[in-house]
Amino acid sequence: MAKSQQKARDFTVQYSEPVGILAAQSVGEPGTQMILRSFHFAGIESAIATSGLPRIVELVDAKKKPTTPLSTVYLEGAASKDIEQAEKIAKKINEVRMDSLIRRSVENFSKGTIKILLSKQELESEGLTPGQVSDKLAKLLKLDTSVEKNVITVKVHTKNLKDIRLTMVKISKAVINGIEGAGKAVVQTNPKTGEIYIVSAGSNIEGIITVSGIDKSRLYTNDVFAINRLFGIEAARNALARELQATLDEQKISVDFRHLLLIADAMTSTGTIKGVGRHGISGEKNSVFARAAYEETVKHLINAASFGETDHMRGVTENILVGKQIPIGTGSVKLAIKKEDMAKIKPK
Amino acid sequence: MQAEVIDNVKFGIVSPEVVKKLSVVKLNVPDTYNEDGYPIDGGLLDQRLGVIDPGLICKTCGARAKTCPGHFGHIELVRPVIHSEFSKIVYMLLQSTCSACHRILLGNEDVQSLREKSKGIVALEAEELSSEEIAEHKAGETDQKKHAGRSLLKKVRSIKKCPHCSAIQNKIKFSSPTYFYIGDRKLKPDEIRDALAGISNDDLRILGIDPDVSRPEWLVLDALLVPPVNVRPSITLESGERSEDDLTHKLVDIMRINQRLAQNINAGAPQIIIDDLWELLQYHVTAYFNNETSGIPPARHRSGRALKTIAQRLKGKEGRFRYNLSGKRVNYSARTVISVDPYLDIDEVGVPFEIASKLTVPFYVTAWNLEKARELLARTEYPTILNLTSTDGKRKRIIDANREELLKELKAGDILERQLVNGDMVLFNRQPSLHRVSIMAHRVRVLPGKTFRINFCVTPPYNADFDGDEMNLHVPQTLEAQAEAKYLLEVKYQVFSPRDGEAIITNNEDGITGMYFLTQDDTRLTKEEATYILGIAGIYELPAPTKDGTYKGKDIFSLLLPKGLSLDIKTSLGPLRIVDGKLIEGVITKDTYGKGNNKLLLKIGMDYGEDALKDFLFTSSKLSDAYVTFSGITVGVKEYMTDNAIEKARQELLEATFKQVDDKIQQYKARKLESLIGYTKRASLERMIIVDLNIAREKAGEVLIKHVSSKNSAMQMARAGSRGSIFQYEQMSMFLGQQATLSGGRIKRGYYTKRVLPHINPGDVRPSARGFVRTNYYTGLSPIDIFMHAVGSRGSEVYKALLTARSGYLYRRLSNALQDLYVESDLSVRDTGNNLIQTIYGGDGISSINTQFMKLAAKADK
């Protein structure tokens, strides 16, 4: 047996080690050390993503959508080396919404038309022509559109003010190109490996995965709920731990991955992502006392009384409350001695 | 040590019968004391409710204030009221049952299927399982049933016609806190009680309610239980005036209204007046339970302070649960200021004599140690016995007068309380106790003086310094606790942090500087010097001298290393090579001697054990301190003086950076700037400027390294990693750099024209207009820079306060959610409800404290 394997045996965790508390302390203690997310410039990605304590809070709270969703899209085959092909794929992903193209719009309520002046610059940078935009609008919203230079005219066929207004709202929200919810997609190059990939400022990986030419097996986003929907809970668990690690790494705080995995596992062990707060793990504990001692004391006591709940005194908090030993660590074992052995011990 | 064990706690509602059984007296006088200052019979401080004044005797149990547990009384309400805290449950039940036949608003089929689901327990009992196994199933199942029932409650509300008696259901409206309406007609509490009483036990079980302990009609109160006086003690002020507890005040209110209501009913007053009084009674009862109920004005004291009623006593950080039940207070503890003593071992604590003579350790007298016990008890001076608890449980204080007598009576089974002596294991703690190494076990060393003293190496886990910090000391009182302290909490087992397995108990600051100086290539000591510092460290041998009779610093350092230790690593100052316990190449810095991923300490800890590691830390810290005292190090203003070369480099760097930024601004104005992902054009420019300024700061460090002499003390400390960094040097001698705001951006607000100061043009985004400080502490800041720096300082102060609050709450939530997880004997992680969280801890079962060991071992294997 190799030396390291022998050693590894001595390195295993001890029975009844309170690993949950260790994990909580390992993340909680350095919380105060997290620095103001001052001017770090590790890369374009980290530049826009929320980081530091706010990001940790967001992750452990199981917030439905991250404040700054980001997706990383790797490319298949030659595209990962060829910037032009990559650009083409990025174009397919890049979400272009109508409101970003509009420079000015005028609703004519007497005629029942809307005139939209498109921004030349924006059109150019997105590689679209006014004609394409108009066609897309007609197809998407089933509108009667016509184009003249940079102006799209939409005939609404009604003079109802409300309808015209609503149509305008729909138009400005329409996705002209790319994938809805994918955000702005930009081609990036890994400075170390030279690999070309795409980063988009959205987390609709369910949409992005339908684009051909991308490496589906490496598709990633910082939105753990999106990962749960597309790849399942195990993937979400991994992503959660990975996101926590990335956030701590960026703050140069070293925390063993085991702690982060445990937090992720505790949050996902039921098959859905639960936050750690009163609406998640802590709020769903079996013990009435544990819930009451945490938050919303009165509410939990009242509910327990109404339904006739029983507290089986198995957890940590409950036992502390009544002054018993906690059932974890050294409190989980008992020392016993046989009666006949007891008799053997006699003073000289 | 547990006399009686609470196995489980069942929650329920107090029924009227229970109220009558519990109550020792029916209260009917809405007052407390009579003119003579004597408690009124039938009043709220009736002596049958228990006594709190010393000397008085309880009329119920005959005990005195200290032993009387207190007894409940009750008030009979002339008209029933609803328990406001439960009105949501009442509402749910009213909605989900028929108003005519009171059956649950579900067809027989639905009911049947639900019944099947909740039948489990009976079926199990038939299968001849042991009672324990059934209990196990029940525990899990009540939970399931509870959820099934609760979700059903929601579903049933939309049903309009009763499937049993076909009665049409009128919509019931609920208005917080206690009003129920059918249409416009208000439901009286007695009507509600009738409706709730009509629900059958079977139907309640379907809804997840256990009717044995919780019949809903009990929520409509006829009799109000009055807590004993012990719960609401009155206090006598210095003036002799009595001041009653908030609860007593509220109960007086309830009784007054109750009495008035009774009088009005008897006098045959009009219905409107009776209803008004009834409502008022309801209000007082509501406020009595929870004075913060939404929808009612809080009852107030004469002074305007809101009364603290039952809910307020339980709730929140200062409530019964978090303050008294989760937070325990202890005896056998001490607290004082801490200070350093480098000659104490790292696992020792210096305890002032005054404290050591007050604190005690139990000495359990047995047949085997009777002699020793007598010897101790006979002593009249420290260390002696302070108290004796004999087998009959009586505790006596030992004084010279009774010593002789007690000596004669001393027998096995007695417990003596011995004063603290050298070598006792005690727990030492500094708040905030953020991680487990905030409490460690130390060996006592009784010393003169008034402060606790610790070795400098153990300050990092406590995060302590000596600018007035105080720490707490606890003496474990049972043999189990003493054993746990010794074998689990002792300092030598905590050198590596469970957070990442890296060293946390290490030498630091000047201790590292000393090693850095000692292990320089050209460090030579004469025989006198070498013996002097080695003597201080307690090493009484000399390494082999060099040809000219001097001793190399590296060789002296090597004396500290265990025999046979070999290490070959890279540090920030080049390679470090130790062969067979001798430092051959390299300099000791923070990388090998300080906090963090410290391979030298890891190696000693892994291969030679915690005792060798403890010895190394203690001996080396003494040696290091001795050498740094001997060689000396001074940091003065002199270190930060700049010469022309540095000044020129600084100017050039700033000019180049500003030009770069100006170029970007020009590009932006010409609309040629490429925007960054997720940013608008303007924000992209901002971002790019920040990046440029940041690069300038990095470059400033390089300039300093190039120009400043390597003998500069501040530089040396930065290089050794003992104190200070290049960044701080930059602030002294180059420039302060960009000042940040709370949101992490550059400073931009101030005047409404979007400029920071009036002499900046609106819209100016150049570095100097947005809080980039070009000057340094040595030459002094320019007036504008001072202003910008003040803005930045204030921002970071505010941010710090914000961050501690936020991270404190995050920590509380995390520890609350994860505290029940532990490792089972098969290395799986479970919670105390036996739910499986991980099949094997961390994927490999390796303890987090050993991860760095693991890496080192794996490396050695290759």
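Note that the coordinates shown come from a computational prediction; the quantities given were computed from them, not determined experimentally.

For chain B, the count of helices and strands is 26 helices and 28 strands. Relative to the 2.2 N^0.38 estimate, which gives 29 Å for 862 residues, the radius of gyration of chain B is 38 Å and therefore markedly larger than a compact globule would have. Dimensions along the principal axes, computed over C-alpha positions, put chain B at roughly 115 × 100 × 70 Å. Nonlocal contacts in chain B, meaning residues at least 24 apart in sequence, comprise 66% of its contacts between residues at least 6 apart.

Below, the discussion takes up the overall build of chain A. Check the secondary structure of chain A and you find 17 helices and eleven strands. Taken against the 2.2 N^0.38 rule, which gives 20 Å for 348 residues, the C-alpha radius of gyration of chain A at 29 Å runs more than 25% over that of a compact globule. In terms of overall dimensions, chain A has C-alpha extents of about 115 × 60 × 35 Å along its principal axes. By residue count, 43% of the 348 residues in chain A fall in the buried class. Contacts spanning at least 24 positions in sequence make up 59% of the contacts within chain A whose residues lie at least 6 apart.

Residues and elements named next belong to chain B. Taken together, the three strands give an open sheet; going across it, the order is 26-27-28, and neighbouring strands pair in antiparallel fashion. Every interior strand has two partners, whereas the edge strands, strand 26 (822-823) and strand 28 (836-838), have only one. Pairing analysis gives two bridges linking strand 27 (residues 829-830) to strand 28, with the strands arranged antiparallel. Across the sheet, valine 829 pairs through a bridge with glutamine 838, a residue of strand 28.

Moving on: unusual backbone geometry. Here tyrosine 382 of chain B and proline 383 of chain B are connected by a cis peptide whose omega angle stands at -10 degrees. With respect to the helices and strands, the residue proline 383 of chain B is situated in the loop between helix 12 (370-378) and strand 12 (385-389). Cis geometry is found at the peptide bond from glutamine 431 of chain B to proline 432 of chain B, where omega equals 0 degrees. Position of proline 432 of chain B among the secondary structure elements: in the loop between strand 15 (425-429) and strand 16 (439-447). Of note, the phi angle at lysine 149 of chain A is positive, near 50 degrees, even though the residue is not glycine. On the secondary structure map, lysine 149 of chain A appears in the loop between strand 5 (144-148) and strand 6 (151-155).

Here we take up the sheet that holds strand 11 (residues 360-364) of chain B. Residue and element names in this part refer to chain B. Read from one edge of the open sheet, four strands run 11-14-12-13, paired in antiparallel fashion. The open sheet has two edge strands, strand 11 and strand 13 (395-397), and neither has a second partner. Taking the axes of each pair of neighbouring strands and ignoring which way they run, one obtains an average angle of 25 degrees across the sheet. One ladder, built from three bridges, connects strand 12 with strand 13; its direction is antiparallel. Within the sheet, the bridge partner assigned to threonine 389 lies in strand 13 and is arginine 395. Most of the contacts of helix 12 go to strand 14 (residues 415-419), to which it runs at about 55 degrees, and overall it touches strand 11, strand 12 and strand 14.

Let us now look at the interface of chain A and chain B. Contact residues are listed per partner, giving 88 residues for chain A and 96 residues for chain B. In terms of residue count, helix 2 (residues 19-28) of chain A provides more of the side of chain A that touches chain B than any other element does, ten residues in total. Per-class residue counts for the side of chain A that touches chain B are 50 nonpolar, 25 polar and 13 charged. Here two bridges tie strand 11 (residues 310-311) of chain A to strand 1 (residues 9-10) of chain B, and the two strands are oriented antiparallel to one another. When the sheet's bridge partners are listed, threonine 310 of chain A is paired in strand 1 of chain B with lysine 10 of chain B.

Residues and elements named next belong to chain B. Most of helix 16 (residues 510-518) is tucked away: eight of the nine residues are buried. Residues of helix 16 that are buried include every one of Gly511, Ile512, Thr513, Gly514, Met515, Tyr516, Phe517 and Leu518, and no others. Buried-residue contacts for helix 16 involve helix 18 (553-558), helix 19 (590-593), helix 20 (599-631) and helix 23 (713-720).

The next point concerns the domain arrangement of chain A. When cut into domains, chain A gives domain 1 (18-42 + 50-64 + 223-268), domain 2 (71-94 + 182-220), domain 3 (96-177) and domain 4 (287-332). Using C-alpha coordinates to define each centre, domain 2 of chain A is positioned 29 Å away from domain 3 of chain A.

All names here are of chain A. Where helix 2 contacts helix 13 (residues 257-268), the axes come no closer than 9 Å and their chain directions differ by 110 degrees. Classed by the angle they form, the pair helix 2 and helix 13 counts as roughly perpendicular. Our pair here, helix 2 against helix 13, has a crossing hand that is left-handed. Packed against helix 2, whose contacting residues are Val19, Gly20, Leu22, Ala23, Ser26 and Val27, the element helix 13 presents His259, Leu262 and Ile263 at the interface.

A separate point is the pairing of strand 14 of chain B. Residues and elements named next belong to chain B. Among the five residues in strand 14, four count as buried, and that is most of the element. The pairing of strand 11 with strand 14 spans five bridges and is classified as antiparallel. For phenylalanine 363, the partnering residue across the bridge sits in strand 14 and is leucine 416. The sheet contact formed by strand 12 and strand 14 spans four bridges and is antiparallel. Its bridge partner lying in strand 14, asparagine 387 is registered against glutamate 417.

A few words on the nonpolar core. Of all hydrophobic cores here, the largest spans 96 residues; its most connected members are Val349, Val351, Val426 and Ile505 of chain B. Broken down by element, this core gets its largest block of residues, eleven residues, from helix 20 of chain B. Judged by nonpolar contacts, the second largest core, of 71 residues, contains Ala90, Leu261 and Val276 of chain A together with Tyr841 of chain B.

We now examine the packing of helix 12 (residues 233-250) of chain A against helix 13 of chain A. Residues and elements named next belong to chain A. One way to put it is that helix 12 packs onto helix 13 with a least axis distance of 9 Å and a crossing angle of 140 degrees. One finds that helix 12 runs oblique with respect to helix 13. Classified by chirality, the crossing of helix 13 by helix 12 is right-handed. The residues of helix 13 that touch helix 12, namely those facing Ile233, Ala236, Arg237, Leu240, Ala241, Leu244 and Gln245, are Phe257, Leu260, Leu261, Ile263, Ala264, Asp265, Met267 and Thr268. A class-by-class count of the residues in the contact of helix 12 with helix 13 yields eleven nonpolar, two polar and two charged.

To continue, consider the environment of proline 298 of chain B. Residues and elements named next belong to chain B. Turning to its location among the elements, proline 298 is positioned in the loop between helix 8 (271-289) and helix 9 (310-314). Assessed through the 14 C-beta atoms surrounding it within 10 Å, proline 298 is described here as partly exposed. Counting along the chain gives 65 residues from proline 298 to phenylalanine 363, while the straight-line C-alpha distance between them is 55 Å. Residue contacts for proline 298: discarding those within four places in its chain leaves Asn291, Glu292 and Ala306.

Residue and element names in this part refer to chain B. Of the strand pairs in this sheet, strand 15 and strand 16 are connected by five bridges, and their pairing is antiparallel. For leucine 427, the partnering residue across the bridge sits in strand 16 and is alanine 441. With three bridges joining them, strand 15 and strand 18 (residues 470-474) adopt antiparallel strand pairing. In the sheet register, asparagine 429 faces strand 18, and the bridge partner there is asparagine 472.

Quick notes on the rules
Residues numbered from 1 in each chain as written. Chains lettered and ligands numbered in written order. Predicted model: local features only at pLDDT ≥ 70, side-chain atom pairs only at ≥ 80, totals over all residues. Helix = DSSP H or I, 4+ residues; strand = E, 2+ residues; numbered from the N terminus. Rg over C-alpha atoms; globule rule 2.2 N^0.38 Å. Contact = placed C-beta atoms within 7 Å. Buried ≥ 20, exposed ≤ 12 C-beta atoms within 10 Å, placed from the backbone. Pairing = 2+ DSSP bridges. Axes fitted to C-alpha atoms, helices over the stretch in contact; angles between N-to-C directions. Nonpolar A, V, L, I, M, F, W, Y, C, P; charged D, E, K, R; others polar. Domains from an automatic or database assignment. Parallel < 35°, antiparallel > 145°, perpendicular 65-115°, else oblique. Left-handed = near helix turned anticlockwise from the far one by under 90°. Core = buried A, V, L, I, M, F, W, Y, C linked by C-beta atoms within 7 Å.

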